[in-house]
Amino acid sequence: MVKTSSNFYPVILAGGRGTRFWPLSRKRRAKQLLALDGKQTMIQQTVSRLLPLAPAKRFWIITNEDSQRQIARQIPQLRKPQIIAEPVGRNTAPAIGLAAFILLRSNPEAVIGMFPSDHVVEDEKHYRQVLRKGIELAAAGENIVVLGIRPTRAETGYGYIEANLAAERDAFPVLRFTEKPYAERAARFLEAGNYFWNSGMFLWSARTLANALREHLSKTAPILEKIAEAFGTPKFAGTFRRLYPECENISIDYAVLEPRSSKGERNSNIFCLPADFGWNDLGSWTALHEHLVAKGQSADGNVISGEQSFTLNAAENYIHAPGKFVAAVGVSNLVVVETDDALLITTREHAQDVGKIVKYLDEKKLSKLV
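Residues numbered from 1 in each chain as written. Predicted model: local features only at pLDDT ≥ 70, side-chain atom pairs only at ≥ 80, totals over all residues. Heavy atoms only, no water.

## Quick word on a nonpolar patch on the surface
Taken together, Phe-310, Leu-312, Phe-325 and Val-329 make up a surface patch of nonpolar side chains, about 400 Å² in accessible area. Of all elements in the fold, only β12 (303–312) and β13 (318–329) reach the threshold of two or more residues within the nonpolar patch. Counting through the fold element by element, Phe-325 comes out in strand β13. (Patch = residues over 30% accessible without salt bridge, like charges linked within 9 Å, V, L, I, M, F, W, Y side chains within 5 Å. Areas by Shrake-Rupley, 256 points an atom, 1.4 Å probe, with all protein chains shown as cover. Salt bridge = Lys/Arg side-chain N within 4 Å of Asp/Glu carboxyl O. Helix = DSSP H or I, 4+ residues; strand = E, 2+ residues; numbered from the N terminus.)

## Here we look at the pairing of strand β8 (residues 172–178)
Burial runs high along β8: 5 of the 7 residues are buried. Note: strand β7 (residues 160–163) against β8, 4 bridges, orientation antiparallel. Residue Ala-163 lies in a different strand from β8, and its bridge partner there is Val-174. Strand direction decides the pairing type here: β8 and strand β10 (residues 270–274), joined by 2 bridges, are antiparallel. Bridged to Pro-173 within β10 is Phe-271. (Buried < 20%, exposed > 50% of the residue type's maximum accessible area, 1.4 Å probe, protein only. Pairing = 2+ DSSP bridges.)

## Description of the nonpolar core
Within the largest apolar cluster, 52 residues are counted, with the highest numbers of intra-cluster contacts made by Val-11, Trp-204 and Ile-252. With 10 residues, the single largest contributor to this core is helix α3 (residues 92–106). Other than its neighbours up to four places away in sequence, Ile-252 contacts Thr-92, Ala-93, Ile-96, Met-114, Phe-202, Trp-204, Leu-209, Leu-213 and Leu-257. Core analysis: the next-biggest nonpolar cluster, separate from the first, contains 41 residues, Leu-53, Leu-78, Phe-115 and Val-145 among them. (Core = buried A, V, L, I, M, F, W, Y, C linked by side-chain atoms within 4.5 Å. Contact = heavy atoms within 4.5 Å.)

## Here's the deal with the pattern of salt bridges
By the definition in use, this model includes 16 salt bridges. Between Arg-348 and Glu-290 there is a salt bridge; the shortest N-O distance is 3.8 Å. One end of the pair, Arg-348, is in the loop between β15 (343–347) and α12 (355–363); the other, Glu-290, is in helix α11 (residues 285–294), and 58 residues separate them in sequence. The class for Arg-348 is buried, based on a relative accessible area of 17%. Ionic pairing is found between Lys-356 and Asp-353, a salt bridge with its closest N-O pair at 3.4 Å. Exposure remark for Lys-356: the relative accessible area of 58% places this residue in the exposed category. In this structure Asp-353 comes out as partly exposed when scored by relative accessible area, which is 34%. Overlapping salt bridges bring together Glu-290, Glu-316 and Arg-348 as one network.

## So, the packing of α3 against helix α6 (residues 206–216)
With their axes 9 Å apart at the nearest point, α3 and α6 run at an angle of 125° to one another. In terms of orientation, α3 lies oblique with respect to α6. Considering the relative orientation of α3 and α6, their crossing is left-handed. Along the contact surface, α3 presents Ile-96, Gly-97, Ala-100, Phe-101, Leu-103 and Leu-104, while α6 presents Ala-206, Arg-207, Leu-209, Ala-210, Leu-213 and Arg-214. Partitioned by chemical class, the residues of the contact of α3 with α6 number 9 nonpolar, 1 polar and 2 charged. (Axes fitted to C-alpha atoms, helices over the stretch in contact; angles between N-to-C directions. Parallel < 35°, antiparallel > 145°, perpendicular 65-115°, else oblique. Left-handed = near helix turned anticlockwise from the far one by under 90°. Nonpolar A, V, L, I, M, F, W, Y, C, P; charged D, E, K, R; others polar.)

Here it is as structure tokens:
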């Protein structure tokens, strides 16, 4: 197996707002900057579990201007130029594409790992073993590797990967990507047995990604190349701010993966690497509750962050009220989150809708609350 330390560059995407974790998650204190399940924040956990694969000098973080300073404080191992703040959000394709064009100029053999900044991984040793296999495959040619999570339920909140399991190898050829399906279709995917959840973690050489963007995102690729040319010079900040808004606002899934997979498994060179290392994207308060219950951080299914607590005939609640005495009597499946200026009350069933509150606050220009 090749040494993963030589050309591997982790690129962490940290531009999201985490609106479904309102009111705790805000513009300047987004989900990835919170310690939701332990002492380390989500982005600190992400960097920590990748450091055995590459030195800090080869990490890159793509974020926004609201989070840049806080990330620099939380990840002091990284130098300022390694934390790039987008002047405007343009989704994952331009973000990871910019990293590809920058790295291609400095190291033509670079292999990029694209990682969300706010996921949980339970078995970090196995996680790195899987990544080493993926890095080796990505370095071997024009290959794209996606880490696929074996589904445990008919989840409608994730994208799915259809793979050809007949191939006798560690990584299976990808047949197609499907965005978040409706419930009946998700159930069929689960029953079929050859579908994986799309983890959002990808591996590819900088050259492979740059060429794919030139082919499938022909308007945006030249813009990213111009910005990359200015990187490391006094002109970079101005060039970035002037040109980046012209990039298409599109995810890497829609921009590259779907059109590439439509070429067929023989020509697309996309591979799914099964990843069974205890993954959770912590997409909502409900997901966080389930995660903490599984870790044993609950009593009667209640997860309560408070000074002290009392429960009576109460079960399966998530209550966040630091510094307060919390009493829950005769209630079940609630999500209650208190901050200095806001109070969220919902149910675990409806926690996916919390992001709509932030949309309302944006529309009403209640900026202090977002």
